[in-house]
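# Breakdown of the fold
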Amino acid sequence: MLTENAEKYRSRLFAAGADCEAKAGGGFAGQLEKTDPEFAERLENFMFDEVPQNDDLDDRTRNMAVLAALIGCQGIDLFREMVPAAFNMGVSPVEIKEIVYQAVDYCGFGRVFPFIKAADEELKKLGIKLPLEPQATTTMENRLEAGAQAQVDIFGPGMKEFYKSGPEETVHINRWLAANCFGDYYTRKGLDFNEREMITFCFIAAQGGCEPQLTAHAGGNMNLGNDKAFLIKIVSQCLPYIGYPRSLNAVTCINNAAAAKTGSMKGQGK
């Protein structure tokens, strides 16, 4: 039997709408109740009650994190169901598409292409006309400069000329990081730096095996005001979708980034 909170939250997620058959039936949960009722009871009470009731994250932020985590862990079937659910919870079509676009630099286009197609299909079912309005703010001529500045804004002044650093045979990758990853994507409208760093943290945490980068982006989040407590809330909301091992690894990375930040502040006498 579902708790009252689980019933209410599931109803809001899968409210009847354009994709009426899947959503009115409770999405994946409604199907599991027919075929795997005992499992569904435990899953839904955890996913729709215990987890969302654990903290004070707003529904929009929670569902942005979930979409990003599903891309990171390659949960394409569940992503399809959670696009309309996220829309019901206040995530706009532009925000949904920006989450998918930004994933390319962290998961690779080979992994993200199916999610671009899935997002387009689900948005069309919701009556959203594509393509959406353009969100780019840079040109091919100024993307490197703008991207390098975005790196500085997020990670600090030490990144000012990072794109020029490194061995001759790999310096081009640091240049691409500034121009492509940050200049082409972080500078886009639709999501601000705080939101982009949050979803980036989710991409990396969910795919696993990238703990150095995850620790770095935990630090970037903290620089922007997405503090340790906030990041732990984000991990907690993603846990049902990415599992305990990757969630616990993410918490360790958060703790390491927080400790490094505290040590740095002490070193500066702050």
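Per chain, the residues get numbers from 1 upward, laid out in the order the sequence is written. Local features in this predicted model are restricted to residues whose pLDDT is 70 or higher, and side-chain atom pairs enter the listing and the counts only when it is 80 or higher, whereas totals over whole chains, interfaces and linings include all residues. Side-chain figures throughout are based on the complete set of non-hydrogen atoms in the structure, without hydrogens or water.

## A closer look at the overall build of the protein
Along the protein, the regular secondary structure elements total 14 helices and zero strands. Helix numbering and strand numbering both begin at the N terminus, where a helix is a DSSP run of H or I of at least 4 residues and a strand a DSSP run of E of at least 2. When the helices and strands of the protein are read in sequence order from the N terminus, they spell out α-α-α-α-α-α-α-α-α-α-α-α-α-α. Computed over C-alpha atoms, the radius of gyration of the protein comes to 19 Å, within 12% of the 18 Å expected from 2.2 N^0.38 for 270 residues, which places it in the range of a compact globule. Here the C-alpha coordinates of the protein stretch approximately 60 × 45 × 30 Å along the principal axes. Here the protein holds 270 residues, and 47% of them are scored as buried. The contact criterion used throughout is that any non-hydrogen atoms of two residues lie within 4.5 Å. A separation threshold of at least 6 residues defines the contact pool for the protein, and within that pool the share at least 24 residues apart is 72%. We get accessible surface area from the Shrake-Rupley algorithm with a probe of 1.4 Å; when it comes to residues, only the shown protein chains can shield them. As displayed, the protein offers around 13,100 Å² of accessible surface, 54% of which is attributable to carbon and sulfur atoms. A positive count includes Lys and Arg, and a negative count includes Asp and Glu. His and the chain ends are not counted in either. Think of each charge as sitting on NZ of Lys, CZ of Arg, CG of Asp or CD of Glu. For the protein, the centre of its 28 positive side-chain charges and the centre of its 36 negative side-chain charges are spaced 4 Å apart. Here the radius of gyration uses the C-alpha set of atoms, whereas the globule reference equals 2.2 Å times the residue count to the power 0.38. Whether a residue is buried, partly exposed or exposed follows from its accessible area with a 1.4 Å probe, protein chains only, as a fraction of its type maximum: under 20%, in between, or over 50%, in that order.

## Looking at the packing of helix α5 (residues 59-72) against helix α6 (residues 76-88)
Only C-alpha atoms enter the line fits that serve as axes; for helices the fit covers just the stretch in contact. Angles between N-to-C directions range over 0 to 180 degrees. Where α5 contacts α6, the two axes come as close as 10 Å, and the packing angle between them is 165°. The orientation of α5 with respect to α6, classified from their angle, is roughly antiparallel. Classified by chirality, the crossing of α6 by α5 is left-handed. Facing Asn-63, Val-66, Leu-67, Leu-70 and Ile-71 of α5, the residues of α6 in contact are Leu-78, Phe-79, Met-82, Val-83 and Ala-86. Oblique is the label for any angle not under 35 degrees, not over 145, and not in the 65 to 115 range, which are roughly parallel, roughly antiparallel and roughly perpendicular in turn. Whether a crossing is left-handed or right-handed is set by the direction in which the near helix is turned from the far one by less than a right angle, anticlockwise for left-handed and clockwise for right-handed.

## Here we look at the pattern of salt bridges
A side chain with one charge can pair with a side chain of the opposite charge if their charged atoms come near. Each reported salt bridge corresponds to a side-chain nitrogen of Lys or Arg within 4 Å of a carboxyl oxygen of Asp or Glu. A full pass over the atoms with the stated rule returns 17 salt bridges. Arg-12 is the salt-bridge partner of Asp-59, the closest N and O atoms lying 2.6 Å from each other. Taken as a pair, Asp-59 in helix α5 and Arg-12 in helix α1 (residues 4-13) lie far apart in primary sequence, 47 residues in all. A relative accessible area of 21% places Asp-59 in the partly exposed class. Put simply, Arg-143 and Asp-184 hold a salt bridge, and the shortest N to O gap is 2.7 Å. In this pair, Arg-143 sits in helix α9 (residues 143-155) while Asp-184 sits in helix α10 (residues 171-186), placing the two residues 41 residues apart along the sequence. By sharing partners, the salt bridges in this structure join Arg-12, Asp-55, Asp-59 and Arg-62 into a single network.

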